[in-house]
Protein chains: 2
Amino acid sequence: MKLSIVNITEKINTHIDQISPYDPGKPIEAVAEYYGIDANDIIKLASNESALGVSPAAVKAIRNNAELCFRYPEGSAHKLRIKIAKKFDVLPDQIIMGNGSNEILTFIGHCFMNSETSTVSSEHSFAVYKMITELYDARSIQVPMTKDLVLDIYKMVDAIESDTSVIFICNPNNPTGTMIKNKDLESAIEKIPEDVLVVIDEAYAEIALETMPESMRYVAEKTNVIICRTFSKAYGLAGLRLGYGMGPVNLIQALQKARQPFNVNLIAQIAGTAAIDDDEFVDQSKRVYRDAKLYMEELCNDLNLNYIPTTTNFMLIKVGNGAEVAEQLLKKGIIVRSMNGYDLPEYIRVTFGMPKENQKFIKTLRELLK
Amino acid sequence: MKLSIVNITEKINTHIDQISPYDPGKPIEAVAEYYGIDANDIIKLASNESALGVSPAAVKAIRNNAELCFRYPEGSAHKLRIKIAKKFDVLPDQIIMGNGSNEILTFIGHCFMNSETSTVSSEHSFAVYKMITELYDARSIQVPMTKDLVLDIYKMVDAIESDTSVIFICNPNNPTGTMIKNKDLESAIEKIPEDVLVVIDEAYAEIALETMPESMRYVAEKTNVIICRTFSKAYGLAGLRLGYGMGPVNLIQALQKARQPFNVNLIAQIAGTAAIDDDEFVDQSKRVYRDAKLYMEELCNDLNLNYIPTTTNFMLIKVGNGAEVAEQLLKKGIIVRSMNGYDLPEYIRVTFGMPKENQKFIKTLRELLK
């Protein structure tokens, strides 16, 4: 045993030390305190959360099971996996549950990334792909989008290098709200080598406003495709952290080895099991988002503002100086996301809320831009 | 781009592929189904869960906030960290929250482990230390215990090699229930080089039946000590997954880089914030465990069974063939843990329950051993 005067922080793995922390945006309470606004007057349209709140079936399940929380959760979320498996006509062993679908991405990191690999993702796509890549010391290859801010899936396939182990396809894409069409996805997947893992992140699938590509068939047909889904958006369970991955049995088995024993909390499992049958809630949500899209687009046209036509529950609006406008809105108690971190400084991203929230947002934006 | 016929599973990082999954023990429902026993007749004394259930303050908080679960949780659990910081007289920046204290161990893995490092832990100590070590491709050095099944802290310090980056001290130790004394911990910490991270895992501290070592002073005085705590045991929140680490600001800052943006769910944050003030619940729990210890020891003496004197809410009982006895108990609706996985095949580990549960356990054990 050698004695040493080295400080422990000098022993931190270099690739971790270099990571800059993610900025998750301001919660309502922080805005209320900072700007001296009553929290009840604040509207949060910033995190693509459900406009309708939590699925009522889930609320009931949470309340009824609060007293059970002294028990450890069922390790692999067996019951919930059986339900999801039925819904998608796959085997329970083709499903892995995560503490949010974000955690599925870390399992992928553990299994497929290291300092000698790279990942391919798109510019202006979900920030966590690059974060995870850095967390596992891999190299991130970022591919430009089409000028309409759609994933350029053909260029992404071309960007795959010999050391690439994972390609991330976010569909619909966050933060642009755009969707890849079925035939484009199909032709891309045909071209991707079998030893590159294709991660299709479908966080917004259930509330998509256009027809989604038939991606589930790749889970059945291909050995290298995993689809990630979440209960955060369509079922309003973002706070409980519940996501899942669906893929071939072999692949899921490998990812399970990177999963910690009790990663998905008990209340999330119970709420998810209740929410997944709540089709009425999802249908109602889609109606709200469809109406919101029409309303917001019409008023953007009125205001002579460009926007990116969305396929889900949020949209990009081109306001000039996005950070400045977001800050001004914040002072008026409306939280939206500036897109500086996504290299889209002229835009803000607005999550669709209930009609009154959307109206207040548009009214305030109109005043600011006068 | 090279075309390839390699299957994706051949690309899994070798050290992950070699991991064998953790066996978390059978949940009540699975036992009920398998053995055809009414779930209400089953007694689970297997996972060191709280005998008193969930802290009532937490139950109330969960019920009252179920409708908030559509919001993402506050990223760094700021409010809860302020409360914990006050309780321990440290800064909020000296605290990092995890999805269970288990996740704190993964942050430590990200920061301090790789294929060129080793970790030191004790035999017959919490299985997750070795699991995490393997997850990050490091080498696990396991040190034998004293013959009384106490951590041999001096031998552990001697076992530190030049590539050792982390030493795990579980106190009280799971699964043996034994505690290291203040002076032994002190002299060990003085000898451990400053560039080795000392992880003191105090999952059972709040319900310890003997005086805990004064470990918090190392957080103030040393640069290389982190203390892990959990809400699972003392506050009955195992199902919600809520743990934390306390250490010097520099160290915590580094661990934060490995944390995913929304790792601790909203209900856990709210329940933890309510539970941490529920001193009455913790005091009551300790009384229950103290009585249970006296009762169980007395009856083990009656039955001529050796046991390891415990300092917390579970105990090891030497029954001969632990796996066989655990299986026989299971058939009678009593779930305890066989210690085969911990290389203590002659023992079972029994979590203290409420008096009626303990009585039924002893009665059944007596019948089995007749």
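So, how was this worked out
Residues numbered from 1 in each chain as written. Chains lettered and ligands numbered in written order. Predicted model: local features only at pLDDT ≥ 70, side-chain atom pairs only at ≥ 80, totals over all residues. Heavy atoms only, no water. Helix = DSSP H or I, 4+ residues; strand = E, 2+ residues; numbered from the N terminus. Expected span 1.5 Å × (residues − 1). Buried < 20%, exposed > 50% of the residue type's maximum accessible area, 1.4 Å probe, protein only. Core = buried A, V, L, I, M, F, W, Y, C linked by side-chain atoms within 4.5 Å. Contact = heavy atoms within 4.5 Å. Buried area = accessible area lost by both parts, 1.4 Å probe. Salt bridge = Lys/Arg side-chain N within 4 Å of Asp/Glu carboxyl O. Nonpolar A, V, L, I, M, F, W, Y, C, P; charged D, E, K, R; others polar.

Here we look at helix α5 (residues 101-112) of chain A
Spacing of three or four residues puts side chains on the same side of an α-helix, whose turn is 3.6 residues.
Residue and element names in this part refer to chain A.
Inference 1: The end-to-end C-alpha distance of α5, which contains 12 residues, comes to 17 Å, matching closely the 16 Å that a straight helix rising 1.5 Å per residue would cover.
Inference 2: Among the 12 residues in α5, 12 count as buried, and that is most of the element.
Inference 3: Residues of α5 that are buried include every one of S101, N102, E103, I104, L105, T106, F107, I108, G109, H110, C111 and F112, and no others.

Some words on the nonpolar core
Inference 1: Ranked by size, the top nonpolar core spans 187 residues in total, and within it I84, I348 and F361 of chain A together with I84, I317, I348 and F361 of chain B carry the most contacts.
Inference 2: Per-element tally for this core: the top contributor is helix α12 (residues 279-302) of chain A, with eight residues.
Inference 3: Ignoring sequence-local partners within four residues, the contact set of I348 of chain B consists of M315, L316, I317, V319, G322, V325, A326, L329, V336, R337, M339 and F361 of chain B.
Inference 4: Within the second largest apolar cluster, 62 residues are counted, among which are I108, C170 and I252 of chain A together with L255 of chain B.

Section: unusual backbone geometry
Inference 1: For the peptide bond that leads from N171 of chain A to P172 of chain A, omega is -10°, which places it in the cis range.
Inference 2: Position of P172 of chain A relative to the elements: it lies in the loop between β5 (164-170) and α8 (182-191).
Inference 3: N174 of chain B connects to P175 of chain B through a cis peptide bond whose omega is 15°.
Inference 4: Among the secondary structure elements, P175 of chain B is positioned in the loop between β5 (164-170) and α8 (182-191).
Inference 5: Unlike most non-glycine residues, N48 of chain A shows phi in positive territory, near 55°.
Inference 6: Relative accessible area serves as the criterion here: at 1%, N48 of chain A is assigned to the buried category.
Inference 7: Look at H124 of chain A: it is not a glycine, yet its phi comes out positive at around 55°.
Inference 8: Using a relative accessible area of 13% as the deciding quantity, one classes H124 of chain A as buried.

Details of the interface of chain A and chain B
Inference 1: Each partner contributes to the interface: chain A provides 84 residues, whereas chain B provides 84 residues.
Inference 2: Counting the surface lost from both chain A and chain B, the interface buries some 7,300 Å², and carbon and sulfur atoms represent 58% of this.
Inference 3: For the pair chain A and chain B, the interface holds nine salt bridges.
Inference 4: With a closest N to O distance of 3.7 Å, K79 of chain A and E29 of chain B form a salt bridge.
Inference 5: Sorting elements by how many residues they give to the side of chain A that touches chain B places α5 of chain A first, with six residues.
Inference 6: Of the residues contributing to the side of chain A that touches chain B, the split by class is 43 nonpolar, 24 polar and 17 charged.

Honestly, that's just the spatial picture; any functional story needs more than this.
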